[in-house]
Amino acid sequence: MDTITTLNELRGATAALRKTGSLALVPTMGALHEGHLTLVREARRLADHVAVSIFVNPRQFGANEDLDAYPRQLARDSELLDKEGVALLWAPPPSEVYPEGYATNISVAGVSDGLCGADRPGHFDGVATVVCKLFNQVRPDMAFFGEKDWQQLAVIRRMARDLDLTSPHVDAIYGVPIIREADGLAMSSRNAYLSTQQRSIAAVLPHAMHETIARLSRGEAAKAVLADLARRLIDSGFDTVDYAELRHGDNLVPATVAAPGTRLFVAARIGGTRLIDNMAVD
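In this text, all values refer to a predicted model and were calculated from it rather than measured experimentally. (Residues numbered from 1 in each chain as written. Predicted model: local features only at pLDDT ≥ 70, side-chain atom pairs only at ≥ 80, totals over all residues. Heavy atoms only, no water.)

Any details on the packing of helix H6 (residues 123-138) against helix H7 (residues 150-162)? Residues and values, ideally.
One way to put it is that H6 packs onto H7 with a least axis distance of 10 Å and a crossing angle of 55 degrees. By the criterion of interaxial angle, the relationship of H6 to H7 is oblique. The interaxial crossing formed by H6 with H7 has right-handed handedness. On H7, the residues that touch Phe124, Val127, Ala128, Val131, Cys132 and Phe135 of H6 are Gln151, Gln152, Val155, Ile156 and Met159. A class-by-class count of the residues in the contact of H6 with H7 yields nine nonpolar, two polar and no charged. (Axes fitted to C-alpha atoms, helices over the stretch in contact; angles between N-to-C directions. Helix = DSSP H or I, 4+ residues; strand = E, 2+ residues; numbered from the N terminus. Parallel < 35°, antiparallel > 145°, perpendicular 65-115°, else oblique. Left-handed = near helix turned anticlockwise from the far one by under 90°. Contact = heavy atoms within 4.5 Å. Nonpolar A, V, L, I, M, F, W, Y, C, P; charged D, E, K, R; others polar.)

Mind laying out the environment of Met209, listing which residues take part and the relevant values?
Relative to the elements of secondary structure, Met209 occurs in helix H9 (residues 204-217). In this structure, the C-alpha to C-alpha distance between Met209 and Thr104, residues 105 residues apart in sequence, is 39 Å. Once residues within four sequence positions are removed from consideration, Met209 is found in contact with Leu229, Leu264, Val266, Asp277, Asn278 and Met279.

Can you break down helix H2 (residues 34-46) residue by residue, with the values?
When the terminal C-alpha atoms of H2 are compared, their 19 Å separation across 13 residues agrees well with the 18 Å that a helix rising 1.5 Å per residue should span. The complete set of buried residues in H2 reads Gly35, His36, Leu37, Thr38, Leu39, Val40 and Ala43. Buried residues along H2 sit against strand S2 (23-28), strand S3 (49-54), helix H3 (74-83), strand S5 (142-146) and strand S6 (172-176). (Expected span 1.5 Å × (residues − 1). Buried < 20%, exposed > 50% of the residue type's maximum accessible area, 1.4 Å probe, protein only.)

Any chance you could break down the sheet that holds S6 for me, citing the residues and the numbers?
Across the sheet, which stays open at both edges, the six strands sit in the order S1-S4-S3-S2-S5-S6 with parallel pairing between neighbours. The open sheet has two free edges, formed respectively by strand S1 (2-4) and S6, since each of these has just one partner strand. Between one strand and the next, the sheet's axes are offset by a mean angle of 25 degrees, whatever the strand orientation. The sheet contact formed by S2 and S5 spans two bridges and is parallel. Paired with Leu25 across the bridge in S5 is Ala143. Against the sheet, helix H1 (residues 7-18) touches S1, S2, S3 and strand S4 (88-90), its axis set at about 150 degrees to S4. Relative to the sheet, H7 contacts S5 and S6, its axis offset from that of S6 by approximately 175 degrees. (Pairing = 2+ DSSP bridges.)

The quantities given are spatial measurements derived from coordinates; they are silent on function.
Written out as structure tokens, the structure reads:
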């Protein structure tokens with residue numbers, strides 16, 4: 001596996017890979033876990049070559065968020081990716097992605113409103129900006145993202161369509177289902193922040209969501225059911241619930257009752273750790 005840190009090197013390396021087959025990109029911020037590796041394996045299944053980016057993007061962190069504390073373990077991550085057969089690791093420093101004088105920002109309206117967009121102002125602008133840059137830098141044939149960050153995936157798909165990036169830069173943007181721990185908690189790099197006691201509390205989240213989905217599927221009105229979900233999480237030891245909402249999965253418009261394509265979205269905090277999850281309501 002080639003590890004590349006400058007854009008000039010990247011251009012030549014990706015051009016050489018594309019000459020011998022299709023190229024997939026898996027964008028990450030590192031601190032890799034089984035969820036990330038599942039994205040890599042799906043990319044390897046569908047493409048001839050896989051490139052992974054590791055870049056902790058400062059533009060998607062708010063003023064009071066965990067940019068400095070975010071785990072950085074490039075040596076371990078590199079070893080994992082090499083074992084998975086990744087052809088190229090793109091690991092640029094911030095100055096390579098945002099050089100002095102950088103002044104451009106991408107904002108995606110609609111799908112970025114509400115949910116995490118309400119609690120993290122500017123977050124999805126940072127996501128859209130860095131992913132657009134990654135698509136232009138690597139120029140993959142396809143890209144892979146986890147469905148745990150469903151709103152992020154919707155923002156990226158909207159951005160790619162609106163800016164004509166799906167042709168020729170990226171022919172397909174794939175969402176890969178959430179990978180969960182044995183107790184149902186969605187895998188996340190931020191799970192490492194949880195103490196043993198907090199990790200036990202966190203396991204309540206997916207179980208409470210399943211119970212909520214069962215009630216919604218029986219036709220109960222969303223407002224009361226979602227209020228019960230928030231209360232249960234607080235009673236179980238969560239400090240706050242940022243949101244618990246039912247929305248249409250394609251355009252993220254709020255829904256009042258369960259219907260085909262609706263999803264349950266939850267974000268809740270334990271101490272300084274913010275956990276998010278979403279599930280289909282069928």
